[in-house]
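# Remarks on the overall topology
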Amino acid sequence: VVLDAGAGQVHFLDVGTTDAKLVASVPLAGATRLRLSVDGAWAYVLGDGALSTIALTGDGGPAVVHTTKVQTPGKVAGVALAGKTLVIAGATWLQVFALDEPETTAPYAKVLLAPEVAAVGPIAADLSPDGQKLALLTANNAITFYSLASPGQPEQLATVPLLPGKRLPLVRDLRFD
């Protein structure tokens, strides 16, 4: 999958053979972030104030089946997807979505980050494979963990400094494994 923000397209490629080929394109203006479901049946694309759900396996090829308006003030630090939970992380807030029915995206209330996390600003986010824990990487080289056991009220669990005393964000991304 390739996001072509300049052309307002999401391109789907078949790379199962030695010659990759374009299978389909879906117009989505301003697409900036994309996550695929583990089963490969759904793509969730953030762009232009909306979260779009794309069915990848339907008749006629990939197509947008649902769009949810989202308010993303400021820069989006990361979008994470695991199981039936999707999280959009901004500089001072989190927005958690339930994906119980893939064709819909049900948003929970937006949650403000703890002041000490918001002060340094998240630069990446990821969810545990079961969707129950969120990790935010911040610009001060620390990871803050949240419990999403109650998705509408994420609970801050711990902050772990990775490179104490280092000023620049030397770590750029993180992944649960």
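Treat the numbers as computed from the prediction; the structure is a model and nothing was measured.

Cut-offs applied
- Residues numbered from 1 in each chain as written.
- Predicted model: local features only at pLDDT ≥ 70, side-chain atom pairs only at ≥ 80, totals over all residues.
- Heavy atoms only, no water.
- Pairing = 2+ DSSP bridges.
- Helix = DSSP H or I, 4+ residues; strand = E, 2+ residues; numbered from the N terminus.
- Patch = residues over 30% accessible without salt bridge, like charges linked within 9 Å, V, L, I, M, F, W, Y side chains within 5 Å.
- Areas by Shrake-Rupley, 256 points an atom, 1.4 Å probe, with all protein chains shown as cover.
- Salt bridge = Lys/Arg side-chain N within 4 Å of Asp/Glu carboxyl O.

### Some thoughts on the pairing of strand 2 (residues 9–14)
Judged from the three bridges that link them, strand 1 (residues 2–4) and strand 2 form a sheet pairing that is antiparallel. Across the sheet, residue aspartate 4 finds its bridge partner in strand 2, namely glutamine 9. In textbook terms, the turn of a hairpin is the stretch between consecutive antiparallel strands, and for strand 1 and strand 2 this stretch comprises four residues, one of which, glycine 8, has a positive phi near 65°. Bridge count between strand 2 and strand 3 (residues 21–27): six bridges; the pairing is antiparallel. Each residue of the ladder has a partner; that of phenylalanine 12, found in strand 3, is alanine 24. Hairpin connection from strand 2 to strand 3: six residues lie between these consecutive antiparallel strands.

### As for the environment of leucine 81
Topologically, leucine 81 is positioned in strand 8 (residues 76–82). Residues leucine 81 and serine 37, 44 residues apart in the sequence, show an inter-C-alpha distance of 7.4 Å.

### A word on a nonpolar patch on the surface
Taken together, the side chains of Val2, Leu13, Val15 and Leu22 define a hydrophobic patch exposed on the protein surface, amounting to about 350 Å² of accessible area. Along the polypeptide, valine 15 turns up in the loop between strand 2 and strand 3.

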